[in-house]
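A look at the structure
Each chain is listed here by its residues.
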Amino acid sequence: MAAMLAAVLSVAALRAAPVQAAEPGTSRDGEASITLREDDFDIDVRYPRLGQPVVDDDLAHWAAHIVAAFRQGLAEPEIGAEPVNGALDPNARHFVNELKVTYDVTRASARAASVTFSIWTYTGGAHGNLDIITLSYDMASGARLAPEDVFADTEGALALLASYCYDALAETLGDDRAEDMLRSGTSPDADNYASLALTPEGVRVHFPPYQVAPWSSGPQQVDVPLGVLIDAGPRLELWGVTR
């Protein structure tokens, strides 16, 4: 289920702090939600309204797609879950399938905004799954920003991110780090840096559980200063910097 959802990723003019998502069951201004509850599932998806019509429409479609993908997954029987002799196993433990989505918003400047979604799913087992997906936007046009829209040299950016993130996480995780997992999860592969948010100071890289550390260590994030990435040709106007 987690893989399916993931497949469906003093320089600023504006120094806005990250906006924290409301807790499930509450709402706030500038927020929309999709809430569905039945006996076997509980869905609560929150997403922001940023006041840019193209962006808001894209976020609404994204949220609807996440819900549809989750419900489709529930409708497909898993291997080993088929009824026995035409009846469900009476000894099977009943649980409620969950989809909970919250978010943070960061703004590199008035020109660029990023929405980082934390997607929690539970469909049975010892614990649920946590995916992190980030969508960044050019607030002037409303277009989503791909890596090539942010950096002139995307390969160079990956190399710089890989080096900085490995060093930062090696220090954060200390002696508890799983070296092979950390090396693999921070290597200069585009998939490793799919959840990258623009911030006033640079970029914030999000790593879900199991990418760079075990589940017990939780998700990790690294704030990378814009100066570290300058050789990759960042599009400085996204950070409110004019040449």
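Summarised in this report is the structure supplied together with it.

Definitions and cut-offs
- Residues numbered from 1 in each chain as written.
- Predicted model: local features only at pLDDT ≥ 70, side-chain atom pairs only at ≥ 80, totals over all residues.
- Heavy atoms only, no water.
- Helix = DSSP H or I, 4+ residues; strand = E, 2+ residues; numbered from the N terminus.
- Buried < 20%, exposed > 50% of the residue type's maximum accessible area, 1.4 Å probe, protein only.
- Polar contact = N/O pair within 3.5 Å; in protein donor to acceptor, adjacent residues only side chain to side chain.
- Salt bridge = Lys/Arg side-chain N within 4 Å of Asp/Glu carboxyl O.

Considerations on unusual backbone geometry
- Phi at tyrosine 210 is positive, roughly 80 degrees, even though this residue is not glycine.
- Here tyrosine 210 is to be found in the loop between strand S8 (202–207) and strand S9 (220–225).

Observations concerning the side chain of aspartate 44
- Structurally, the position occupied by aspartate 44 is in strand S3 (residues 41–48).
- Judged by its relative accessible area of 2%, aspartate 44 is buried.
- Side chain to side chain, aspartate 44 and arginine 46 meet in a polar contact 2.7 Å long.

With respect to the pattern of salt bridges
- What the rule picks out here adds up to 11 salt bridges.
- Aspartate 138 is paired through a salt bridge with arginine 111; the nearest N and O atoms lie 2.8 Å apart. Of the two residues, aspartate 138 sits in strand S6 (residues 129–138) while arginine 111 sits in the loop between strand S4 (97–109) and strand S5 (112–122), which places them 27 residues apart along the sequence.
- Overall, the relative accessible area of 4% leaves aspartate 138 in the buried class.
- For arginine 183, the salt bridge goes to glutamate 179, with nearest N and O atoms at 2.9 Å. In this pair, arginine 183 and glutamate 179 are both assigned in helix H5 (residues 179–185), four residues apart and thus about one turn of the helix distant.
- Looking at glutamate 179, the relative accessible area reads 28%, which means it is partly exposed.
- One network of salt bridges, with partners in common, ties together Arg111, Asp138, Arg235 and Glu237.

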